[in-house]
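Observations on the model geometry
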Amino acid sequence: MTEHAITRRSFLARSAGTCAVVAGSGFIGFSAWEQARANDAAPAPEKTAHSLCNSCSSKCGFTAQVTDGRIGIMIGDKDHPLCDGTLCARGYGYASIAYSKDRLTNPLKKNDAGEFEAITWDQAFSEIGEKVQDILKTSGPAALAMIQDPRPSGSFYTKRFMHALGSANVYTHGVSCNMSKNSGMTQALGVADFTSDVANTDMVMFIGRSYADGIRPSSLHALQKARERGAHIVIVDPRYNSSCLYADEWVPIKPATDLALILGMAHVLVEQDTYDHDYVENYTVGFEDWAERLKEYTPQWASEICGVPAETIERLANEMWEAAPKASIEQGWRAATGCSHQNSGETARALCLFNTLLGCWGLEGGAFFPASMSAGKLEDERFAAPEAPTEKILGQAEFPLSSGGMGVATYALQQVAEGNVKGVFFYQSNCVGGYSNPATLAKFLESAELSVAIDVQMTETCYACQYVLPDTSYLERLEVPEFVGGVIPAVSLRDRVIDKIHPETKPVDEIFVGLADACGVGEYFQFTVDELADAQLKTIGLSLDELREKGTITFPEKQLVYELKTKWKTPSEKVQFTSEACENAGFPASPGWLEPLVMPKEGEFRLIGGKQNIHAHTQTVNIESLMAITKQYGLDRVWMNAQVAADMGIEDGDEIEITSSEFSGKTRVKVTERLEPTSIYLPSHYGRMIPEQQTSYGVGLSQMDFVPFHIEPGYGGTMSQEVIVTVSKVGA
């Protein structure tokens, strides 16, 4: 056993939770499994299998030790670029999903009374196929949509299925995650992501992102290395998040005003003439326009808006320049730049342009673009892709800056209510529960002629659909290879770790083969997932057997080489301080100050959300061992600034009522100095209202219940933190 190994028993002991003994329904939990075999004469021979965690989108690689059909040990794969030999608590806890008492075990259909009844797969496929063909005949392929949370096989099969039907409408969870970030960065750089070289940096600033809460183990390891090297680490966030333990400085900022901070820092560098002249002159366009615009955005101006002292803004800008080019503002993710505010896309654009002033692109300690690897063209005609749809994805015209092929999923659901989309499929996507206001999204779905959810448990999205199809857990299936970028790129595999527990569940590949056959496009799925995976790997000189043996295989010959990046995938092939596409969408050519949609007045607060390091939004909250930690430490409580609470006569642990224009709910409060005073922080995972999720049902409040349905202009993000609330003490 290595230093990275952890047994399920030791994890549960440390986390103060246990996996329940589950009786009946044809399956049992870890403890019951162990008890049932306690008297066996001898255990079955031990085997090892490789998989990818499914608790979040990072999909970290691990090796599972399986004895007598159960997992005994999970060890993070040291060669996996995102895992780096370690799994997080979510990863260990989420493995118990395979044995959950709340697993979906049979296909379900909603009857006229609104209740679900078990049906056969033949009936489910037949009825869904008939409805799809009716929609195609009467309304065409553009009336069908798919919303999926990208997973290896899910990404392949959902897109292939929809394209075979002739529809381009394949959407991801991007509207609730990183759509605005990706889109804003694409306008500036022509690419949707970069990576701050945190391990080698001299100074890095995080805006609204916490490696220690949204855990990707390799990122947290890099932060630890930076700390040990003495790098200057700055956390800009309304709350003192878990990553502040590694930081030199916490800069509490008013939510939705991060753009003002960046503009103020950029003003300092340009006015002082302390920026990388050579890089700006040779590898950018439109600088003069932004420089002129920046003149009004002084540190004093920015301070009035964002609440950060002007001298701090000036100091941070100068410290970033002194550390350059081994300095950068990290890209952020879901918060300030991701999807949260009306100005998230413009904040992402400004962030990229500030980094450009530092001349840090591609350099060690600055910001780089990971090396990548991918499968080549498959020559076998069985794998030939369906003809590309002739119509563009719905929403592209309305949100012209949305990028990355993610599409605006919430807009697609709005089109159901308006009659333009007739049929919707969901794969491992709790869109209704987590992408925007749940009541509104569920209402949209009521108008659908066909709605189908494929998942492991009964989510809010499943509950709103007509048909629910039971997926296997991720531990029970093989998926296509996952290519992972990094300093050294790799390919990794999610293999079958344990036998299928519920006989009437099906893995994603079999579900889509069945749907395709029923919908009349089965000719595009005349292969098994094993054959597809092997064919993809053969294009890079590997085989499925080799990857099954190793789990993760790296490509050291593709290792990243640090060098100044001078050519970009923009129309000008340079960094764009100005963007014609942004102008056409109604924004200024270069980013300037854009007001948030709403701002709190006296007696009001902005409701903000965010991850905790044991949960990944709605994905993990119904896991008993993880929920046990929540309950033991009261992690479902909302945070309130201590001075504000004192002024209102609210004490730690009091019950309070939070009210927005959409919803009102009661919960306990955590009074803390670790929150700026205009904010109320509500963890984003809780408040699940589906009784079939027995562990999470009724625990805490749902952030999304309070958020009005709206979509960020141009960029398409859900604006999940554009919501104002009032707070009152219950019983006062």
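Residues numbered from 1 in each chain as written. Predicted model: local features only at pLDDT ≥ 70, side-chain atom pairs only at ≥ 80, totals over all residues. Heavy atoms only, no water.

Moving on, we come to the sheet that holds strand 23 (residues 605-608). Here we have 6 strands rolled up into a closed barrel, ordered 23-27-24-26-25-28, and mixed in their pairing. Recorded for the sheet is a direction-independent mean angle of 45 degrees between the axes of neighbouring strands. Examined bridge by bridge, strand 25 (residues 655-659) and strand 28 (residues 724-729) share 4 bridges and lie antiparallel to one another. Within the sheet, the bridge partner assigned to E657 lies in strand 28 and is S728. (Pairing = 2+ DSSP bridges. Helix = DSSP H or I, 4+ residues; strand = E, 2+ residues; numbered from the N terminus. Axes fitted to C-alpha atoms, helices over the stretch in contact; angles between N-to-C directions.)

This part is about the layout of surface pockets. Within this model, the second largest pocket holds a volume of roughly 490 Å³. Surrounding the second largest pocket, 27 residues form its lining, A212, D213, S242, Q612 and N613 being those nearest its centre. At the level of elements, helix 7 (217-229) and helix 23 (624-633) are the ones that each hand at least two residues to the lining of the second largest pocket. Looking at which element gives the most residues to the lining of the second largest pocket, the answer is helix 7, with 3 residues. A class-by-class count of the residues in the lining of the second largest pocket yields 15 nonpolar, 7 polar and 5 charged. (1 Å grid on protein atoms, 1.4 Å probe; cavity = no way out; pocket = protein on both sides within 12 Å on 5 of 7 lines; lining within 4 Å. Points joined across faces, edges and corners; volume = space filled by probe spheres on them. Nonpolar A, V, L, I, M, F, W, Y, C, P; charged D, E, K, R; others polar.)

Glancing now at the environment of V452. With respect to the secondary-structure elements, V452 resides in strand 17 (residues 450-455). The class for V452 is buried, based on a relative accessible area of 0%. Each C-alpha atom, one on V452 and one on V132, is 11 Å from the other, the two residues being 320 residues apart in sequence. Among all residues touching V452, those that are not within four sequence positions of it are I128, V424, F425, F426, C465, Y467 and L469. (Buried < 20%, exposed > 50% of the residue type's maximum accessible area, 1.4 Å probe, protein only. Contact = heavy atoms within 4.5 Å.)

Here the structure, examined in full by the defined rule, presents 30 salt bridges. A salt bridge links R103 to E476; the shortest N-O distance between them is 3.1 Å. Of the two residues, R103 sits in the loop between helix 3 (89-94) and strand 5 (108-110) while E476 sits in the loop between strand 18 (467-470) and strand 19 (482-484), which places them 373 residues apart along the sequence. A residue is classified by how much of its surface remains accessible, and R103, at 5% relative accessible area, is buried. The closest approach of N and O atoms between R293 and D289, which form a salt bridge, is 3.9 Å. (Salt bridge = Lys/Arg side-chain N within 4 Å of Asp/Glu carboxyl O.)

The step from A324 to P325 runs through a cis peptide bond, and the omega angle for that step is 5 degrees. Within the secondary structure, P325 is located in the loop between helix 12 (310-323) and strand 14 (327-329). Here D68, not a glycine, exhibits a phi torsion of approximately 55 degrees, which is positive. Looking at where D68 falls in the secondary structure, it is placed in the loop between strand 3 (61-67) and strand 4 (70-76). In this structure, A256 takes a positive phi of about 75 degrees despite not being glycine.

Put simply, helix 8 (residues 258-272) and helix 10 (residues 287-294) touch, their axes get as near as 9 Å, and they point 105 degrees apart. When the axes of helix 8 and helix 10 are compared, the pair comes out roughly perpendicular. Counting all contacts with helix 8, which are made through L263, A266, H267 and V270, the residues of helix 10 involved are F287, W290, A291 and L294. Residues of the contact of helix 8 with helix 10, tallied by class, amount to 7 nonpolar, 1 polar and no charged. (Parallel < 35°, antiparallel > 145°, perpendicular 65-115°, else oblique.)

Within the open sheet, the 4 strands sit side by side as 12-11-10-14. Their pairing is parallel. What marks the edges here is a single partner per strand, and that holds for strand 12 (249-251) and strand 14. The sheet shows a mean angle of 15 degrees between the axes of neighbouring strands, direction not considered. Contacting strand 10 (203-207), strand 11 (232-236), strand 12 and strand 14, helix 12 crosses the sheet at an angle of about 135 degrees to strand 10.

This next bit is on empty space enclosed by the protein. Summed over the entire model, instances satisfying the criterion amount to 3 cavities of 30 Å³ or more. Put simply, the second largest cavity is a space of about 60 Å³. If you trace the second largest cavity, you find it lined by C53, S55, C56, S58, K59, C60, L87, C88, G91, I215 and P217. Among the residues making up the lining of the second largest cavity, the classes are represented as 7 nonpolar, 3 polar and 1 charged.

These figures capture arrangement, not role.
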